[in-house]
Amino acid sequence: MTNSLEFADIEERHLPSVQAIYNYYVANTTISFHTQAQTLEEIRRNVVNTNPRYRTYVIKREETVIGYALFTKHKDKQAYDTTAEVTIYMDPNHVGQKIGPEVLVFLEGKAQELGFHALVATICTENERSIRMFERSGYVRCALFKEIGFKFDRWLDIASYQKILG
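Summary of the structure given here.

Definitions and limits used
Residues numbered from 1 in each chain as written. Predicted model: local features only at pLDDT ≥ 70, side-chain atom pairs only at ≥ 80, totals over all residues. Heavy atoms only, no water. Core = buried A, V, L, I, M, F, W, Y, C linked by side-chain atoms within 4.5 Å. Buried < 20%, exposed > 50% of the residue type's maximum accessible area, 1.4 Å probe, protein only. Helix = DSSP H or I, 4+ residues; strand = E, 2+ residues; numbered from the N terminus. Contact = heavy atoms within 4.5 Å. Pairing = 2+ DSSP bridges. Axes fitted to C-alpha atoms, helices over the stretch in contact; angles between N-to-C directions. Salt bridge = Lys/Arg side-chain N within 4 Å of Asp/Glu carboxyl O. Phe/Tyr/Trp six-rings, centres within 6.5 Å; stacked < 30°, edge-to-face > 60°. Lys NZ or Arg CZ within 6 Å of the ring centre and 35° of its normal.

### So, the nonpolar core
Residues I59, F71 and L107 are the most contacted members of the largest nonpolar core, which totals 30 residues. Among the elements of the structure, strand 1 (5-9), strand 2 (56-61), strand 3 (64-73), strand 4 (83-90), helix 3 (99-113), strand 5 (118-124), helix 4 (128-136) and strand 7 (154-164) are those that each provide at least two residues to this core. Setting aside chain neighbours within four positions, we find F71 in contact with N49, Y54, R55, Y57, A84, E85, L107, K110, A111, L114 and L119. Residues I10, V26, L70 and Y89 belong to the second largest nonpolar core, which totals 14 residues.

This is how it looks when you write it as structure tokens:
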């Protein structure tokens, strides 16, 4: 991993940075299916987990938050407890710098420590950069949902990608 990247558990002081990153994707892309900017309280509810198995990490370079990544519950039934949904959001000024694969290596290590067997990523099919990154990191497409979202006056598809951690 690049020595200049740091990962830290999210803290209250990180929330404005996380909010700014996320709301960029809400306003400008189909990466997020939210259609309205999220308030600080909404961001807090989405990234601060009460269950210690589900974590959010900020990605920092030289003490500046340049992204965040999280594990969330895949489904709310006990048999799914060994699977987590994985999500990464990078500051748009840091996209395309090959940071994502490093983040995935970090997340997969943490997921194994936390006892997860599988990770799932759900990606809008327009997000070709993210799809390529997950595929290059060993994730396999396991589902495609057609016209499941509507944003920017068009129907959007999502695909789910899965990796068995072992």
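Let's pick the thread back up.
### Things to note about the environment of Y68
Mapping Y68 onto the fold places it in strand 3. Relative accessible area serves as the criterion here: at 2%, Y68 is assigned to the buried category. In this structure, the C-alpha to C-alpha distance between Y68 and F134, residues 66 residues apart in sequence, is 16 Å. When neighbours within four sequence positions are excluded, Y68 is seen to be in contact with V18, I21, Y22, V47, T56, Y57, V58, I59, T87, I88 and Y89.

### As for the sheet that holds strand 6 (residues 140-151)
In a beta sheet, neighbouring strands are held together by backbone hydrogen bonds and run either parallel or antiparallel to one another. A sheet is described by the order of its strands in space; here seven strands give the open sequence 1-2-3-4-5-7-6, paired in mixed fashion. The sheet terminates laterally at strand 1 and strand 6, the two strands that pair on one side only. Within the sheet, the average angular offset between the axes of one strand and its neighbour, ignoring direction, is 25°. Across seven bridges, strand 5 lies against strand 7 in antiparallel orientation. Paired with T122 across the two strands is S160, which belongs to strand 7.

### Let's talk about the pattern of salt bridges
The full count for this structure, using the stated rule, is 10 salt bridges. The shortest N-O distance in the salt bridge between R45 and E41 comes to 4.0 Å. Note that R45 and E41 are positioned in helix 2 (residues 40-47) at a spacing of four residues, about one turn of the helix. Here K73 and D81 are joined by a salt bridge, their closest N and O atoms 3.5 Å apart. Since its relative accessible area comes to 34%, K73 is described here as partly exposed. Three or more residues joined by partner-sharing salt bridges are found here, namely E12, E41, R44 and R45.

### Quick look at the packing of aromatic side chains
Per the stated rule, a full pass over the model turns up 11 aromatic pairs. Ring geometry for Y57 and F71: centres 6.4 Å apart, planes at 90°, overall edge-to-face. Placement of the pair is Y57 in strand 2 and F71 in strand 3, with a sequence separation of 14 residues. When sorted by exposure, Y57 lands in the same class as F71, which is buried. By the ring-pair criterion, three or more aromatic residues cluster together here, those being F7, Y54, Y57, F71, F106 and F116. Over the face of the ring belonging to F116 we find R53, whose NZ or CZ atom lies 4.0 Å from the ring centre.

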